[in-house]
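Examining the three-dimensional arrangement
The primary structure of each chain is shown beneath.
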Amino acid sequence: MMKLALLFFMVPCCYAVPKNLSGKAFTFGGVTNSYVKLHPTITLNGDINSASVCLRYFSDILDIDRVQSFFSLATRTHINGFLLSKKGNNNHYHIVGDSLAQFWGLPAELNSWNSVCATWDSVTGLSQLWVNGKPGSRKFIFKGGSLAGTPIVILGLDQDTYGGGFNQNDAFIGQLTDVHMWDRVIAPCEINNFSENKKFQGGNLINWQAIKYTIYGNVVEENQINSDFVEKCMGIDDCCSLL
């Protein structure tokens, strides 16, 4: 029985056909080496000189000494090609081309959806992080660099080798949703629209409405947590009708 349980845990769940995950999220329920691998249908040919990533997360982890990894893109030349993570509740990390920028004091909230967008431009070397529509101070990283080769994109863990080298101490605990990536610096108005759940143009490299992915380990695809659900229900019958 123990062998069967272990085998079940290790068998990945894969969607080879692009799937629309609108309203869905991946739930990472504990400190494990479980993760989701995204399959963008792209090869970086050395001409990706700017990029943006947006996503939303829901978590209750406040430990100031604990790092949680949201988005990890690795290439063979740059393990931390494009990484988004946070330490504690108000220290967000953005790494491009193995160069780190830290952003402090942005308004992340516990047990609520937080929108995160990160942009990077090679020509200027400027990186900027936005949390819930509020911009952080711009920082210089990876000026003049570019991302090339076949990317491996992981949600929920940080790659320390190309496609592996995971450390469960970096595991994200909570829900991740609405992951998008563009090969350009998106405009502040686009970031604002994303943060406020308004209409926006989805990512051309990764798009949550048409995404291929594989789940490894104990990750569940389910409906997004709705922190406003109680407010929307007038009674038990009304709540059940929304399910």
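Scroll up a little and you will see the structure.
Heads up: these notes are all about the structure in this document.

Scanning the protein for helices and strands turns up four helices and 18 strands. For the protein, the proportion of contacts with a sequence separation of at least 24, taken over those separated by at least 6, is 69%. For the protein, the accessible area works out to roughly 11800 Å², and carbon and sulfur atoms hold 55% of it.

Right, let's get into the state of the cysteines. Summed over all chains, the structure comprises one disulfide. One disulfide bridge connects Cys54 with Cys117, the sulfur atoms lying 2.0 Å from each other. Across the disulfide from Cys54 to Cys117, rotation about the S-S bond amounts to roughly 115 degrees, and the bridge is consequently right-handed. Highlighted residues: Cys54 in strand 5 (residues 50-58) and Cys117 in strand 10 (residues 113-121), separated in sequence by 63 residues. Take Cys54 and Cys117: they sit in the same class, and that class is buried.

Looking at the element boundaries, Asp98 is found in the loop between strand 8 (91-96) and strand 9 (99-104). Each C-alpha atom of the pair Asp98 and Ala74 lies 9.6 Å from the other, and the pair is 24 residues apart in sequence. In this structure, Asp98 is in contact with Thr77, His78, Ile79 and Asn80, ignoring residues within four places of it in sequence. In terms of polar contacts, Asp98 uses its side chain to reach the side chain of His78, at 3.1 Å.

Glancing now at the pairing of strand 8. In terms of residue burial, strand 8 counts as a mostly covered element, since six of its six residues are buried. Neither face of strand 8 is exposed, since Asn91, Tyr93 and Ile95 on one face and His92, His94 and Val96 on the opposite face are all buried. Summarising the sheet, strand 7 (residues 82-87) and strand 8 pair through six bridges and their orientation is antiparallel. Note that in strand 8 the partner of Leu84 across the bridge is His94.

Following the sequence through the fold, Trp104 ends up in strand 9. Residue classification places Trp104 among the exposed residues on the basis of a relative accessible area of 57%. The sequence separation of Trp104 and Ser137 amounts to 33 residues, and the corresponding C-alpha distance is 8.8 Å.

For the coordinates displayed, the defined rule picks out four salt bridges. With a shortest N-O distance of 3.0 Å, Glu221 and Lys19 are connected by a salt bridge. Of this pair, Glu221 sits in strand 18 (residues 219-223) while Lys19 sits in strand 1 (residues 13-19); the two residues are 202 residues apart in sequence, bridging distant segments of the chain. For Glu221, a relative accessible area of 22% gives the class partly exposed. A residue is classified by how much of its surface remains accessible, and Lys19, at 21% relative accessible area, is partly exposed. Between Asp178 and Arg56 there is a salt bridge, with the nearest N and O atoms lying 2.6 Å from each other.

The final tally for this structure, using the stated rule, is 12 aromatic pairs. Judged by centre distance (4.5 Å) and plane angle (20 degrees), the rings of Tyr57 and Phe70 are stacked. One end of the pair, Tyr57, is in strand 5; the other, Phe70, is in strand 6 (residues 67-74), with 13 residues separating them in the sequence. Of the two residues examined, Tyr57 and Phe70, each falls in the buried class. Chaining the aromatic ring pairs together yields one cluster made of Phe28, Tyr57, Phe70 and Phe172. Across the ring face of Phe194, the terminal group of Arg56 is positioned such that the distance to the ring centre comes to 3.9 Å.

Thresholds applied
Residues numbered from 1 in each chain as written. Predicted model: local features only at pLDDT ≥ 70, side-chain atom pairs only at ≥ 80, totals over all residues. Heavy atoms only, no water. Helix = DSSP H or I, 4+ residues; strand = E, 2+ residues; numbered from the N terminus. Contact = heavy atoms within 4.5 Å. Areas by Shrake-Rupley, 256 points an atom, 1.4 Å probe, with all protein chains shown as cover. Disulfide = S-S within 2.5 Å. Buried < 20%, exposed > 50% of the residue type's maximum accessible area, 1.4 Å probe, protein only. Polar contact = N/O pair within 3.5 Å; in protein donor to acceptor, adjacent residues only side chain to side chain. Pairing = 2+ DSSP bridges. Salt bridge = Lys/Arg side-chain N within 4 Å of Asp/Glu carboxyl O. Phe/Tyr/Trp six-rings, centres within 6.5 Å; stacked < 30°, edge-to-face > 60°. Lys NZ or Arg CZ within 6 Å of the ring centre and 35° of its normal.

As far as function goes, none of this settles anything; it's purely spatial.
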